[in-house]
There are 2 protein chains.
Amino acid sequence: MFQFSESKEGLEVYFENHLILNHRFDEPCFYVGKGDETISAYRGNYAIEDYISFRMPLRDYELVDEESVVFHNHDYRLTCKFSIQDERLVVYFDINKPTNRFWLRLYANRMEKVYGCGIQASYFNLRGKNFPLWTSEPGVGRDKSSLTTFYADLYDKAGGDYYNTYYPETTFISTRKYWVHVDSSAYADFNFKHPKFHELHFWDIPKKIVLEYQKDYLRLIERLTDYTGRPPKLPDFVHDGMILGVQGGTKQVLEYLAKAEEVGVKVNGLWIQDWAGYRFTSFGKRLYWNWVWNSDVYPNLRETIETMKTKNVHFLTYICPFLLQNETLFNEAKALNYLVLNQEGTTYIEDFGEFFCGLVDLTNPEAFNWYKNVIRKNLIGLGVGGWMADFGEYLPVDAVLHNGIDAKLMHNRWPVLWAQCNYEAVKESGKLGEVVYFMRAGGHGSQRYATSLWAGDQSVNWETHDGIPSVIPASLSAGIIGNPFIHSDIGGYTSLHGNIRSKELFGRWVEMSVFSAYMRTHEGNRPSENFQFYHAKDTMTVMARMSALRVALKPYIQEIVSQASEKGYPLQRPLFMHYLNDDSVYDLQYEYLFGPDIYVKPVVKPNVSEQTVYLPDDEWIHLFTNESYSQGTFTVKAPIGYPPVFYRKSSKFAKLFEDITKNFALK
Amino acid sequence: MFQFSESKEGLEVYFENHLILNHRFDEPCFYVGKGDETISAYRGNYAIEDYISFRMPLRDYELVDEESVVFHNHDYRLTCKFSIQDERLVVYFDINKPTNRFWLRLYANRMEKVYGCGIQASYFNLRGKNFPLWTSEPGVGRDKSSLTTFYADLYDKAGGDYYNTYYPETTFISTRKYWVHVDSSAYADFNFKHPKFHELHFWDIPKKIVLEYQKDYLRLIERLTDYTGRPPKLPDFVHDGMILGVQGGTKQVLEYLAKAEEVGVKVNGLWIQDWAGYRFTSFGKRLYWNWVWNSDVYPNLRETIETMKTKNVHFLTYICPFLLQNETLFNEAKALNYLVLNQEGTTYIEDFGEFFCGLVDLTNPEAFNWYKNVIRKNLIGLGVGGWMADFGEYLPVDAVLHNGIDAKLMHNRWPVLWAQCNYEAVKESGKLGEVVYFMRAGGHGSQRYATSLWAGDQSVNWETHDGIPSVIPASLSAGIIGNPFIHSDIGGYTSLHGNIRSKELFGRWVEMSVFSAYMRTHEGNRPSENFQFYHAKDTMTVMARMSALRVALKPYIQEIVSQASEKGYPLQRPLFMHYLNDDSVYDLQYEYLFGPDIYVKPVVKPNVSEQTVYLPDDEWIHLFTNESYSQGTFTVKAPIGYPPVFYRKSSKFAKLFEDITKNFALK
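Predicted model only: the values in this text are computed from it and were never measured.

**Topic: the interface of chain B and chain A**
At the interface, 33 residues of chain B touch 33 residues of chain A. Across the chain B to chain A interface the summed buried area is about 2,600 Å²; carbon plus sulfur atoms make up 52%. Considering only the side of chain B, the residues that lose the most area to chain A are Tyr51(B), His74(B) and Phe150(B), jointly responsible for 24% of the buried surface there. The interface formed by chain B and chain A holds eight salt bridges in total. Two residues, Arg59(A) and Asp75(B), come together in a salt bridge whose shortest N-O distance is 3.4 Å. On inspection of chain B and its partner chain A, the count reaches eleven residue pairs in polar contact (both at pLDDT 80 or more). For the side of chain B that touches chain A, the secondary-structure elements that each account for two or more residues are β4 (30-42), β5 (45-57), α1 (147-156) and β16 (197-202) of chain B. Of the residues forming the side of chain B that touches chain A, the biggest block, eight residues, is contributed by β5(B). For the side of chain B that touches chain A, a count of residues per class yields 13 nonpolar, seven polar and 13 charged.

Here is the structure:
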């Protein structure tokens, strides 16, 4: 199924008659080299520089046998062993001498577009740019022409750029209808700028590359997630309304619940991130990082959880892999030698801004099990329905790990280890499909080990690269490589450098979240300075309407959640996934299909009461007006509570949608 | 005098027993490749991207004969022909097939520092950074952490960075005591980050490299300027006080003169940049770019010039290579086919912000001569003592030139052609040494053709990278490669994005300018919004004192100006030039020697009344207090009008300095 074709210009490699490698003597497919990197870390933000002191094109080749080609130049010899495994092309790489930089060029054509590489919040179609792949804080503003980013850079080295992400991955799909994964956890940089090839760069020699063609995108994702694994189904309760992110103690959160329910909000959960206590720093309200129920702040929590569960209101909490210095979990882990060490062989202490932490060494199987049991006992044992499994991006590059592997090579694997630790805790408790945790950090393997994702800490504003709009490309790019369940903090999170959340922003975010994995609000990093739903009855009215819509959609959502778990199809899908022949949809990144039958274009701009949408070729019904549309560009009314949503007239859920239209009509 | 030494690791090339090239098979000295550049220009600011699609290390070599080595890899063969010419090593390069990217690695050691590469306003010692070499606007703020730069980038793509410069040059000196010049006008990037080599990158194959060792820095500069040429002496009149940059018509400028002289300012010139008229745009006051005396604005100018010359007050004007569209000079040049063309073969029109211009094609000998005669007739013929020969950085990369050479290769040569045009106009008028023009744009050859430089358009503030401090490294780096005469706009120029010039800034700038090629004020781009000397008697008092100091120093200045013209020694010299054995002075860039006997550390910070200085090993006398100092760090008083200046007690001008101390004492 793969073929080598030689000419005087070089060697072409085909897989299922598609050109994969176009190796020419004057433009070789492989380079090896040496680099000396400088990595400066500051609270999860990495300034990375590389000096390439040597770079050698592997210009020549030898066909060793029917499966192997050696690309070489002088004493550098890279053996590529081609094989077919389960209909996929798998190429193993082996280099004859140590080298720490590697470039691979996959054949590309000028019209091709590519998607994926993890959570990408700025650009869904990656063509025309390069994407360094290194898990980190994604940046505040993520746009060098934004004042938010300017100040974040100036004060905290934290402004970020379009490519910074919690979840980078060396996996993408192409409109030439293949998916590809490169097996390397080293720092990588995927460059999609060249018209004739994709240049994939790594700070090691990848073990292998896996590539598969399929006839359409649904099948591609199914096959990709056959390879990566898929998460269990979401628990049913998450569809029964919305989760309120509230804090401040048992009494306080029940008061918020009562207030919301009084206005008719359908509440299925309370996310109490401060279950272990809290503190205030100059950044804002911060949690107390010792992951033990704080019965001072939350008296009677265990009983309350059980009582509320009978009313289908689930409690959710919070955990991360860091432990607050000199507190009980830290002390226990330190005594057991379970914490990551520094170069001096003592505990690696990370500064989080006015508090300090150690990091559980997840490469040590005993430490991994110990922490898994912390999750089982302290979280699952408390009866919670889920939690935020935060962080995972911060493994310091100079850390010393139990498994002896260079921390620079473990850095991108760390989020997956962290996901796996949560996964096994839930699985071994027999709770897969009942308990859901949500992660922002990720890597190859998150598809299997993260029960869901959230899109991270957006700024509480309308900015393209880090405000409400950025959630959509982030969700689509996570989904396209096999993470079907993703949602976001309703209202956003980061309120810094003059950005203060408005009621309007919060309302638009509520709307959008109906059409994501689940709905969950967040008070943000500075709750008292920002808009909160419990201060505004009219906002709670919107929440009541939107949570009721979510409940009304439940039969449809259950179906697409099942599909996601069985086949890997994301809940949020780019239009091209179902409308392959429409050239105009491949660069749309602020609208999507929610399952096969619902089209959504969330309002992510301020001060608008209508929105223009492009509908692909189908018969569409506006969910709130019952008006019919066919292919074309239309402007529809979109006051808050009535986002532009359309369903396919031929959907097998058409009756369900008709009923919704009756009950939720825009008058 | 050069030697090749072979080992199993590679080839070493020595010149006068110094290692020059350390070619190792695993770290070759030469790479060739292919790149596809994207150059976006906006009013002299260039966004440059390069995609290296091929890069080949020339790993192997053959010693062809005693003078030639071929470095090669497969079909790429670079012939290096080594020769000694006038005690210098000259290596000619010849490649066997077309290639548009070239990398050369000169041997370096870890302790080495390098200086030069043209006007460098941020860093004098270039080691540890890379310096793209491409003439352009240098940027407003030039510092991505400055709000000035943020807004300049946002509104005008004009923020710049540490390396942006009007005057880039592929020439530097090393503390290993060599100077080197690479003969290429292509885009280049000199990377001084690596501990073991300097990597010099070019977008063509340079013709040759020239390198010379000497025993000390004075001898190095003398020999370097033997190679580059040197400017004529400055006219004597520039030492007789200060030039006032004033505008607004004959009557107006004579009033300013009278006002200044009344307070005792010694005025040797009036620089009237608006001699051809002016207009207002949103940027500020702009000149009328038709280089013809405007007798409406300046009635009786010719007579006034002659009259004032008898009082040793010289008039200076302004010119640049652009001609205002549809005006007389433009129309004449266009009719003669003397203007640069665009790809369509019609006149290339540049947008300067609310007005448009054509560009004289200086590669056309007839156009060159025509414009030379414009200078001779319209400027020299008017009787002026000099002018600002502005611009030179803007040759568009898509221009079509008379000489048929790619504009990308002419871009860096353009400023030198422009300098040469001015030079020949003056020379052919028999006025070398009598008339002085000042340029900001430059390149290899400016040493000979620019009678003087000025440091460009600083921001009217105290910022490191573009405010008053930046003048000092800019002057030192220009000087170290053979441009001995440089000065700056007193008070700075660019008032944008909230920067408004203060009286204090102006005062400090007056002080500093005493110790530069000459003193000249500027009203800036927005005269009415910024501080002007003629509004403040106390500032004119400082100017009176400082211009008198300048006059008092004249015998000493005449001596160092003669040295400059005969040997290339810069007026402003880094401390290491005379104190070679003091390791602590090699990174000092905000203090300098003015000639061999005066030490100056200008005050470039606001709100200070004293300043700390480091004096190298010598006997020093404070010029205004008569206090003696030897080597060490001292804090001295420095109110405005009394900058920290010391002279060497053993100077042959000691008597002159003693007299100055008596007359200019700080009481």
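The rest of the description comes next.
**Considering the environment of Asp617(A)**
All names here are of chain A. You can see Asp-617 is positioned in the loop between β35 (610-615) and β36 (620-622). The exposed category is assigned to Asp-617, whose relative accessible area is 54%. C-alpha separation for the pair Asp-617 and Lys-554, spaced 63 residues apart in sequence, amounts to 26 Å. With residues up to four places along the chain from it excluded, the contact list for Asp-617 reads Tyr-579 and Gln-631.

**Observations concerning the relation of the copies chain B and chain A**
Of the two same-sequence chains, chain B is brought onto chain A (RMSD 0.0 Å, axial shift 0.0 Å) by a rotation of 180°. The operation mapping one copy onto its partner corresponds to a two-fold rotation axis. Closest to the rotation axis within chain B is the C-alpha of Met56(B), separated from it by 3.1 Å. When you check the interface residues of chain B against chain A, 100% turn up at the interface there too, and the contact is symmetric in its surfaces.

**A few points about the pattern of salt bridges**
Close approach of charged atoms allows side chains of opposite charge to pair. Tallied over the entire structure, the rule returns 98 salt bridges over all chains. Across the pair Glu199(B) and Arg105(B) runs a salt bridge, and its minimum N-O distance is 2.7 Å. One end of the pair, Glu199(B), is in strand β16; the other, Arg105(B), is in strand β10 (residues 101-107), with 94 residues separating them in the sequence. The same class applies to Glu199(B) as to Arg105(B), namely buried. Of the charged contacts, one joins Glu112(B) and Arg176(B) as a salt bridge, the two residues approaching to 3.9 Å between their closest N and O atoms. With Glu112(B) in the loop between β10 and β11 (114-118) and Arg176(B) in the loop between β13 (168-174) and β14 (178-182), this pair connects stretches of sequence that are 64 residues apart. One salt-bridge network, in which partners are shared between bridges, spans Asp86(A), Arg88(A), Glu212(A), Arg223(A), Asp226(A) and Arg230(A).

**Some remarks on the nonpolar core**
Counting residues in each nonpolar core, the largest one holds 174 residues, and the members touching the most others are Trp289(B), Trp291(B) and Trp387(B). Ranked by residue count, the leading element in this core is helix α8 (residues 414-428) of chain B, at nine residues. Ranked by size, the runner-up nonpolar core spans 171 residues in total, among them Tyr167(A), Leu382(A), Phe531(A) and Tyr586(A).

**What about the packing of helix α12 (residues 537-552) of chain B against helix α13 (residues 554-567) of chain B?**
Residues and elements named next belong to chain B. Closest axis-to-axis distance for the α12/α13 pair is 5 Å, and the angle between their directions is 60°. Considered as vectors, α12 and α13 are oriented oblique to each other. Across the interface between the two elements, Arg-550, Val-551 and Ala-552 of α12 pack against Lys-554, Pro-555 and Ile-557 of α13. Looking at side-chain class alone, the contact of α12 with α13 contains four nonpolar, no polar and two charged residues.

**Let's talk about the confidence of the model for chain A**
Per-chain confidence: chain A averages 97 in pLDDT, with 100% of residues scoring 70 or above. In the model output, the complex is listed with pTM 0.90 alongside ipTM 0.82.

**Let's talk about the sheet that holds β14(B)**
Residues and elements named next belong to chain B. Taken in spatial order, the eight strands make up an open sheet running β6-β7-β8-β9-β17-β14-β13-β11, and their pairing is antiparallel. At either end of the open sheet lies a strand with only one pairing partner, and these are β6 (60-63) and β11. Neighbour-to-neighbour, the strand axes of this sheet turn through a mean angle of 20°, independent of strand direction. In terms of strand pairing, β11 meets β13 through four bridges, oriented antiparallel. Its bridge partner being in β13, Gly-116 is matched across the sheet by Phe-172. Across the sheet, helix α2 (residues 217-228) is in contact with β9 (88-95), β13, β14 and β17 (208-213); its angle to β14 comes to roughly 25°. Together, β11 and β13 form the strand contacts of helix α10 (residues 471-480), whose direction differs from that of β11 by roughly 90°.

**Things to note about the packing of α12(B) against helix α14 (residues 654-664) of chain B**
All names here are of chain B. Across the interface, α12 lies against α14 with an axial gap of 11 Å and an inter-helix angle of 160°. Here α14 runs roughly antiparallel to α12, going by the angle between their axes. As for how α12 packs across α14, the hand of that crossing is right-handed. Residue-level inspection shows Arg-545, Ala-548, Leu-549 and Ala-552 of α12 in contact with α14, the latter providing Leu-656, Ile-660 and Phe-664. Its residues assigned to classes, the contact of α12 with α14 comprises six nonpolar, no polar and one charged.

Rules used throughout
Residues numbered from 1 in each chain as written. Chains lettered and ligands numbered in written order. Predicted model: local features only at pLDDT ≥ 70, side-chain atom pairs only at ≥ 80, totals over all residues. Heavy atoms only, no water. Contact = heavy atoms within 4.5 Å. Buried area = accessible area lost by both parts, 1.4 Å probe. Salt bridge = Lys/Arg side-chain N within 4 Å of Asp/Glu carboxyl O. Polar contact = N/O pair within 3.5 Å; in protein donor to acceptor, adjacent residues only side chain to side chain. Helix = DSSP H or I, 4+ residues; strand = E, 2+ residues; numbered from the N terminus. Nonpolar A, V, L, I, M, F, W, Y, C, P; charged D, E, K, R; others polar. Buried < 20%, exposed > 50% of the residue type's maximum accessible area, 1.4 Å probe, protein only. Least-squares fit on C-alpha atoms with pLDDT ≥ 70 in both. Core = buried A, V, L, I, M, F, W, Y, C linked by side-chain atoms within 4.5 Å. Axes fitted to C-alpha atoms, helices over the stretch in contact; angles between N-to-C directions. Parallel < 35°, antiparallel > 145°, perpendicular 65-115°, else oblique. pLDDT = per-residue confidence, 0-100. Pairing = 2+ DSSP bridges. Left-handed = near helix turned anticlockwise from the far one by under 90°.

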